[in-house]
Amino acid sequence: MEGSWTMVATAILFLSFLLVLFRFFGSSRRKCSGGRANETSLPLGAQGWPLVGETLEFISCAYTDQPETFMDKRRRMYGKVFKSHIFGSPTIVSTDEEVSRSILQGDSNTFVPSYPKSLTILMGESSILLINGYLQRRIHGLIGSFLKSPNLKAQITREMQKFVQESMESWDEDRLIYIQDETKKIAFQVLVKALISLDPGEEMEFLRKQFQEFIAGLMSLPINLPGTRLYKSLQAKKKMVKLVQKIIEAKKKDESCKVPKDVAELLLSENVADEIISDNMIDLMIPGEDSVPVLITLAIKYLSDCPAALQQLSEENMKLKNRKDQTGEELIWSDYLSLPFTQTVITETLRLGNIINGVMRKAMKDVQIKGGYVIPKGWCVFTYFRSVHLDENLYDSPHKFNPWRWQDRDTSGCSFTPFGGGQRLCPGLDLARLEASIFIHHFVTQFKWTAEDDSIVNFPTVRMKNKMPVRVKRRSSQQAFSLESKLNSEGSCKQ
Ligand code: HEM
């Protein structure tokens, strides 16, 4: 009797779980409707279970340290492009670099972004991640040219140096330093300054707290009732929008705002509507709290596991520091970006770390792809960068951290797309590299460290499980630069 109750309870639990998953991923907004498809023109693949399709297997792989095993298994059976049913929608998965490139290059008549419902609710309709056509191109162009300007790079460099220095001055040798937390705080402040010119202080702390509430709901169940995760995140967003709107109002009244000194002022000067500005200011904070700090943290993780790379990178940065100390010149943004080995370390971190493992689109019409296959109108497409970045036909020993592989290889091909591509290519890619280079420079030239045990988590976002704790030892200013490690072979990195 007890056994049958357990079975009934288990069955009910399983069914509820399937329903919740279906509700979660199968949003009406995002839902790729799976228009009638001519089976012969579809890529091979399986649709899995009713309702949930292959989502459970996808998620169970995503939680492991090799999430790409879901894709690998299907690549072997069906080829690099296959059909599946994940996140509540029939989906074509592309792990083929050329097919992914053509999808990314498609305009809004062909493909539009497609995200889980919780994310679209939280981002708001005017978010750059969701808008299409002329408005997306206009906002993208304005933000992109501002973020790439030498003036902004100079400002970011000054701010980043200041915040890095303030943070590092407080590091004690007898306590653990959590690199992920430190870099989140620094990168968030730098980005908020560039977006709305807010300085550290009470309002910044308020914004940071609300932002953490907001971001926690991006991948939550799409149920907006008091007490739910989504509800709390929406409340936090409302408070942030109020603060940002107050700042925008003040900017409008300030007659001295002639040359835009932040992104909000730039958009105001181009007569972009207030709601579009405030929604986007908040969305643009995401890389400050998430992608950039994770990039820096992963670089420190990989360097900690690879003494040969750490030695070469430290020598390169120490040389720059000594040169600047001797001439008394300040470090400027181009100094950081012109360190060749440091840039290969960042490139390799982007390849191996896969901070954004892929992007999702919805087909607006039937689209023919390589091999004569068709992506039917209404279907979702998942361009999965991670499988390309870890493809052994494209990269030797792909799971090994090997920055030297970039010494005679460029980053412009379609087999390297950590920042996406086409019309939605990340406009913050130079900033991300610059911020990472600045942190790494000051870290390796001021400290030696030992990393405590930690591991990378890949789902729902990439991060370090224990926030990357390290014990640091300050280098004295007179200390001649020498690393104990005499390792100089490429083969000395942990796998
Ligand atoms: C390591 C750091 C970063 C990574 C890995 C990254 C990655 C990406 C990727 C893959 C996309 C394409 C999304 C798509 O095609 O749907 C993207 C878009 C975008 N990124 Fe970044 N990003 C980073 C840093 C930044 C920074 C620092 C900013 C600037 C504030 C930024 C702003 C944006 C914006 C505004 C878009 C949307 C572009 C559009 O849809 O027109 N990102 N990013």
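Going by the structure above, here's the rest.
Calculation rules
- Residues numbered from 1 in each chain as written.
- Predicted model: local features only at pLDDT ≥ 70, side-chain atom pairs only at ≥ 80, totals over all residues.
- Heavy atoms only, no water.
- Donors = N, O, S within 2.8 Å, 3.2 Å for Na, K, Ca; no water.
- Helix = DSSP H or I, 4+ residues; strand = E, 2+ residues; numbered from the N terminus.
- Phe/Tyr/Trp six-rings, centres within 6.5 Å; stacked < 30°, edge-to-face > 60°.
- Lys NZ or Arg CZ within 6 Å of the ring centre and 35° of its normal.
- Buried < 20%, exposed > 50% of the residue type's maximum accessible area, 1.4 Å probe, protein only.
- Contact = heavy atoms within 4.5 Å.
- Salt bridge = Lys/Arg side-chain N within 4 Å of Asp/Glu carboxyl O.
- 1 Å grid on protein atoms, 1.4 Å probe; cavity = no way out; pocket = protein on both sides within 12 Å on 5 of 7 lines; lining within 4 Å.
- Points joined across faces, edges and corners; volume = space filled by probe spheres on them.
- Nonpolar A, V, L, I, M, F, W, Y, C, P; charged D, E, K, R; others polar.
- Axes fitted to C-alpha atoms, helices over the stretch in contact; angles between N-to-C directions.
- Parallel < 35°, antiparallel > 145°, perpendicular 65-115°, else oblique.
- Left-handed = near helix turned anticlockwise from the far one by under 90°.
- Near = heavy atom within 4 Å.
- Polar contact = N/O pair within 3.5 Å; in protein donor to acceptor, adjacent residues only side chain to side chain.
- Domains from an automatic or database assignment.

S.K.: Any chance you could break down the coordination of the iron atom of the ligand for me, citing the residues and the numbers?
M.R.: Just one protein atom donates to the iron atom of the ligand; it is Cys-426 (SG), sitting 2.3 Å from the metal. With respect to the helices, strands and loops of the structure, Cys-426 is situated in the loop between helix 18 (385–389) and helix 19 (429–446).

S.K.: Talk me through the packing of aromatic side chains; I want residue IDs and the actual numbers.
M.R.: Enumeration according to the criterion identifies 17 aromatic pairs in this entry. With centroids separated by 5.4 Å and ring planes inclined at 70 degrees, the aromatic side chains of Phe-382 and Tyr-384 adopt a geometry described as edge-to-face. The ring of Trp-333 carries the charged tip of Lys-153 above its face, separated from the ring centre by 4.8 Å. Positioned over the ring face of Trp-406 is Arg-409, at 5.5 Å from the centre of the ring.

S.K.: Describe the side chain of Asn-280, listing the residues and the values that go with them.
M.R.: You can see Asn-280 is positioned in helix 12 (residues 274–283). A residue is classified by how much of its surface remains accessible, and Asn-280, at 0% relative accessible area, is buried. Ignoring anything within four residues of it in the chain, the contact list for Asn-280 reads Ser-126, Ser-127 and Ile-128.

S.K.: Can you tell me about the pattern of salt bridges, naming the residues and giving the values?
M.R.: Scanning the entire structure with this criterion turns up 30 salt bridges. Residue Arg-208 pairs with Glu-205 through a salt bridge whose shortest N-O separation is 3.5 Å. Placement of the pair is Arg-208 and Glu-205 together in helix 9 (residues 202–216), with a separation of three residues, close to one helical turn. Residues participating in the shared-partner salt-bridge network are Glu-54, Glu-57, Lys-73 and Arg-74.

S.K.: Tell me about empty space enclosed by the protein, and please be specific about residues and values.
M.R.: Counted according to the given criterion, the structure contains two cavities of 30 Å³ or more. There is about 80 Å³ of room inside the largest cavity. Of the residues assigned to the lining of the largest cavity, the class counts are three nonpolar, five polar and three charged. Here the second largest cavity defines a volume of roughly 60 Å³. Forming the boundary of the second largest cavity are Glu-97, Ser-100, Arg-101, Leu-104, Tyr-384, Phe-385, Val-388, Cys-414 and Thr-417. Contributing elements (two or more residues each) for the lining of the second largest cavity: helix 4 (97–105) and helix 18. Of all the elements, helix 4 adds the most residues to the lining of the second largest cavity, at four residues. By residue class, the composition of the lining of the second largest cavity is five nonpolar, two polar and two charged.

S.K.: Before we move on, can you summarise the packing of helix 8 (residues 179–196) against helix 19 with the specific residues and values?
M.R.: One can describe the packing of helix 8 onto helix 19 by two numbers: an axis separation of 12 Å at closest approach and a directional angle of 130 degrees. With respect to helix 19, the element helix 8 is oriented oblique. Helix-helix and strand crossings are classified by hand; for helix 8 and helix 19 the assignment is right-handed. Residues Ile-179, Thr-183, Ile-186, Ala-187 and Val-190 of helix 8 lie in contact with helix 19, whose contacting residues are Glu-435, Phe-439 and Phe-443. Across the contact of helix 8 with helix 19, the residue classes break down as six nonpolar, one polar and one charged.

S.K.: Please give an account of unusual backbone geometry that cites residues and values.
M.R.: Residue Pro-460 is reached from Phe-459 by a cis peptide bond, and omega for that bond is -5 degrees. As for its position among the elements, Pro-460 is in the loop between strand 10 (456–457) and strand 11 (463–464). The phi dihedral of Leu-51 falls on the positive side, at around 65 degrees, and the residue is not glycine. With respect to the helices and strands, the residue Leu-51 is situated in the loop between helix 1 (2–25) and helix 2 (55–62). Positive phi, close to 60 degrees, is recorded for Ser-197, a residue that is not glycine. Structurally, Ser-197 can be placed in the loop between helix 8 and helix 9.

S.K.: For the site of the ligand, give the residues involved together with the corresponding values.
M.R.: Within the structure, the ligand sits among 23 residues, and Gln-136, His-140, Arg-361, Arg-424 and Cys-426 are positioned closest to it. A distance of 3.2 Å is found between an oxygen atom of the ligand and a side-chain nitrogen or oxygen belonging to Tyr-115. A distance of 2.7 Å separates an oxygen atom of the ligand from a polar atom in the side chain of Arg-361. Residues belonging to the shell around the ligand are distributed by class as follows: 16 nonpolar, five polar and two charged. Split by domain, the shell around the ligand shows at least three residues from each of two domains, domain 1 (2–125 + 355–389) and domain 2 (136–306 + 423–492).

All quantities given are derived from atomic positions and should not be read as evidence of function.
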